Amino acid sequence: MQKTKGKGADEELGKAAEMFAIGIGECGSNIVGSYLKASEDKKLPSRVRGYLLLNTDRSDLTKVRQKYGIPKEHTLLYGESEIGVGGRFMDGYNAVMESKDIIFDQLTNLGFEGVSGFCIFTSLGGGTGCGGTPAIIELLKQKFQEEEGRRIFVYVIGVLPFEGQSSEALNSIWAVSKLLRAQLQERGADLTILLSNRTMLKRILQWRRGDSVDYLAKELDVDVANVQSIEQMVPSTVDGGSSELETRTEQAFVELVNPLALDVIEAMLSPGVYEPEKDVFPTTDLADYARKLDPVVVPALYNDIGLIPDAGSMPRQLRTMIDYAVTQCSYADVGDTPNAESVYYVFDGPRHISKAEYGMHIKEALDKYIAPGAAITPCYVQHQGPEPIVKLLLLLGLPKIPELVQLINEATQLVNLHSGPSALKQSWFMRSKGTTRKELVTAINDFRELFSYYMEGGTLE
Ligand SMILES: Nc1nc2c(ncn2[C@@H]2O[C@H](COP(=O)(O)OP(=O)(O)OP(=O)(O)O)[C@@H](O)[C@H]2O)c(=O)[nH]1
Ligand SMILES: [Mg+2]
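A brief look at the structure comes next. Only a predicted model underlies this, so the values are computations on that prediction, with no experimental measurement involved.

Procedures and definitions
Residues numbered from 1 in each chain as written. Chains lettered and ligands numbered in written order. Predicted model: local features only at pLDDT ≥ 70, side-chain atom pairs only at ≥ 80, totals over all residues. Heavy atoms only, no water. Helix = DSSP H or I, 4+ residues; strand = E, 2+ residues; numbered from the N terminus. Buried < 20%, exposed > 50% of the residue type's maximum accessible area, 1.4 Å probe, protein only. Contact = heavy atoms within 4.5 Å. Areas by Shrake-Rupley, 256 points an atom, 1.4 Å probe, with all protein chains shown as cover. Near = heavy atom within 4 Å. Polar contact = N/O pair within 3.5 Å; in protein donor to acceptor, adjacent residues only side chain to side chain. Nonpolar A, V, L, I, M, F, W, Y, C, P; charged D, E, K, R; others polar. Salt bridge = Lys/Arg side-chain N within 4 Å of Asp/Glu carboxyl O. Core = buried A, V, L, I, M, F, W, Y, C linked by side-chain atoms within 4.5 Å. Pairing = 2+ DSSP bridges. Phe/Tyr/Trp six-rings, centres within 6.5 Å; stacked < 30°, edge-to-face > 60°. Axes fitted to C-alpha atoms, helices over the stretch in contact; angles between N-to-C directions. Parallel < 35°, antiparallel > 145°, perpendicular 65-115°, else oblique.

1. Considering the overall build of the protein
Regarding its fold elements, the protein presents 17 helices and 12 strands. Per-residue burial over the protein gives 58% buried out of 461 residues. Put simply, of all contacts in the protein between residues at least 6 apart along the chain, 80% involve residues at least 24 apart. Looking at the protein as shown, the accessible area adds up to about 19400 Å², and 50% of this sits on carbon and sulfur atoms.

2. Considering the site of ligand 1
Residues in contact with ligand 1 amount to 23 residues; listed here are only the nearest, Gly87, Thr128, Glu168, Glu250 and Asn258. Within the backbone of Gly86, a nitrogen or oxygen atom sits 3.3 Å from an oxygen atom of ligand 1. Between Thr128 and ligand 1, the recorded distance is 2.6 Å, taken from a side-chain N or O atom to an oxygen atom. Protein contact buries 92% of the 640 Å² of open area that ligand 1 shows by itself. Listed by contribution, the elements that provide at least two residues to the shell around ligand 1 are helix 2 (25-38), helix 6 (128-147) and helix 11 (244-269). Taken together, the residues of the shell around ligand 1 break down into seven nonpolar, 13 polar and three charged.

3. Some words on the pattern of salt bridges
A full pass over the atoms with the stated rule returns 18 salt bridges. Between Arg187 and Glu146 there is a salt bridge, with the nearest N and O atoms lying 2.8 Å from each other. Highlighted residues: Arg187 in the loop between helix 7 (166-184) and strand 7 (191-196) and Glu146 in helix 6, separated in sequence by 41 residues. Residue class for Arg187 comes out partly exposed when judged on its relative accessible area of 23%. Between Asp279 and Arg351 there is a salt bridge; the shortest N-O distance is 2.8 Å. Separated by 72 residues along the polypeptide, Asp279 in strand 8 (residues 278-281) and Arg351 in the loop between strand 10 (340-350) and helix 14 (359-366) bring together distant segments of the chain. Residue Arg351 is classed as partly exposed on the basis of its relative accessible area of 38%. A single salt-bridge network, built from bridges that share partners, covers Glu113, Lys143 and Glu148.

4. Observations concerning the nonpolar core
Ranked by size, the top nonpolar core spans 91 residues in total, and within it Phe118, Met321, Phe347 and Leu392 carry the most contacts. Beyond its immediate sequence surroundings of up to four residues, Phe347 is in contact with Leu307, Leu318, Met321, Ile353, Ser354, Ile362, Cys379, Tyr380, Val381, Val390, Lys391 and Leu392. Formed by 59 residues, the second largest nonpolar core is a distinct cluster that contains Leu44, Val64, Val254 and Ala287.

5. So, the pairing of strand 8
Put simply, side chains in a regular strand alternate between the two faces of the sheet. Along strand 8, one buried face is formed by Lys278 and Val280 and the opposite face, lined by Asp279 and Phe281, is buried too. Where strand 8 lies against strand 11 (residues 370-383), four bridges are found, and the strand directions are antiparallel. Following the sheet pairing, Val280 is matched in strand 11 by Val381.

6. Structural notes on unusual backbone geometry
In this chain, Phe281 is followed by Pro282 through a cis amide linkage whose omega measures -10°. For Pro282, the location among the structural elements is in the loop between strand 8 and helix 12 (286-292). For Glu82, which is not glycine, the phi torsion reads 65° and is therefore positive. Structurally, Glu82 can be placed in the loop between strand 4 (75-77) and helix 4 (89-98). Despite not being glycine, Glu277 shows a phi value in the positive range, around 60°. Looking at the element boundaries, Glu277 is found in the loop between helix 11 and strand 8.

7. As for the packing of aromatic side chains
Under the counting rule described, the total for this entry stands at 13 aromatic pairs. Ring centres of Phe89 and Trp174 lie 4.2 Å apart, and the angle between their planes is 25°; this geometry places the pair in the stacked category. On the criterion of sequence distance, the pair formed by Phe89 in helix 4 and Trp174 in helix 7 is long-range, its members being 85 residues apart. Both residues of the pair, Phe89 and Trp174, belong to the buried class. Seen from their ring centres, Tyr302 and Tyr324 are 4.8 Å apart, and the 50° between their planes marks the pair as tilted. Of this pair, Tyr302 sits in strand 9 (residues 296-302) while Tyr324 sits in helix 13 (residues 314-328); the two residues are 22 residues apart in sequence, bridging distant segments of the chain.

8. Considering the environment of Asp333
Here Asp333 lies in the loop between helix 13 and strand 10. Along the sequence, Asp333 and Pro299 sit 34 residues apart, while their C-alpha atoms lie 10.0 Å from each other. When residues no more than four places from it in sequence are discounted, the contact partners of Asp333 are Thr199, Lys202, Arg203, Lys400, Ile401, Pro402 and Glu403. At 3.0 Å, the side chain of Asp333 and the side chain of Lys202 are in polar contact. Within the structure, the side chain of Asp333 is placed 3.0 Å from the backbone nitrogen of Gly335, a separation counted as a polar contact.

9. A word on the packing of helix 7 against helix 15 (residues 402-417)
Where helix 7 contacts helix 15, the two axes come as close as 8 Å, and the packing angle between them is 105°. Between helix 7 and helix 15, the angle falls in the class roughly perpendicular. Residues Ser166, Ser167, Ala169, Leu170 and Ile173 of helix 7 touch helix 15, and the partners they reach there are Leu407, Ile408, Glu410, Ala411, Leu414 and Val415.

10. Brief notes about the packing of helix 7 against helix 17 (residues 437-450)
Between helix 7 and helix 17, the least distance of the axes is 9 Å, while the angle of their chain directions is 70°. Compared by their axis directions, helix 7 and helix 17 come out roughly perpendicular. In contact with Leu170, Ile173, Trp174, Val176, Ser177, Leu180 and Arg181 of helix 7, helix 17 contributes Glu439, Leu440, Thr442, Ala443, Ile444, Asp446, Phe447 and Leu450. Here the residues of the contact of helix 7 with helix 17 sort into 10 nonpolar, two polar and three charged.

See the structure below:
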């Protein structure tokens, strides 16, 4: 059992695994920025040594600095264009590779030497972050693992696009496949945590429906009659170009979902963060997630759970808790039968609730959501405060993700649309993505293989 008491323990922990946060592109910078703004003292959790926000777009970077009050030295503009790469992820990739020296200089100034891991925040549908993330990871792994012989772990928190953004679906699939392929050579992400804008939007509209509808109505000056109509308001971004209303809609949506993204990151970091009167067992560090889970993970976070040991069967209450967490609280929709190949859970609450004795029941309840033989790793966080709330974080390793099927279909359609014997037609791939049709077809096929057991139809010609 890990006791985290007194200043000595705090210092002790300070020496333990530390990590560095990187936000790349607009989405990645916003998420790290809002995290800093939301935290009371503008600080990242104690285990996070520093952070850097990167972008190829000067005006976006300036906006982020102003909006979240980020000091200049924590931001870096790189690449040639200064106006972003407009979804051409290969340009995003190359921009990082070409700017290796200035990126590493700045990271050095911010004290990244000696950290044991990196968390990279990015959208998967854009260009700067989507393309730049695999490039940064390659560089980091090269430096630390190949040159210095020191193992580091890298987490990617990747945001999947809203519905109907088919051009972004293609980028997302390329990025995840790239990260997984690189992992085979020890140069990829150790863990890719998927958060989906479309699912987060759905959740927030379910949970805080009244507030969200009011907010959107006010923000967009439109009459949003129902949730269904809201979900259909997301603009299609095929080949770029969107109206002013579409841009504002997307902006309003991301403002709604970003707090959700922060909650899940906070929950993942929480076991390693020192707090007085908190016990964590077994000791859990960020690196443990990567060791115990499959490389692609969907989190589910159930906050403020009402569990009352005296009010009826605890096994039944715990089962209800798990059912609700998996089906209603996941950050990318995993449906009713995710068939996850590994699970990590962090059960956080007062002493008499968050206890290992309940592990058996949680395990039973998880059974129908996991593949036979899937490993389950528990972590209990106990608080002694007056009335600590009960929280459950589930990390589902390699689950079925129905919305990925949708993404793959959107991407497949787009590839087919731009295919054919005409060289003019095929030039679309180079023009809007900076890469070849072949590379994209390979990425889509990787996905089909990885999630093959529930893929069908929609072949590539
Ligand atoms: N959750 C969330 N999604 C965002 C945010 N900002 C942008 N997105 C989503 O991210 C995708 C676009 O990626 P961006 O991050 O804007 O792209 P980028 O990395 O800056 O790349 P380029 O603009 O192409 O140079 C779209 O799916 C947006 O809906 C944000 O703050 N939060
Ligand atoms: Mg951008």
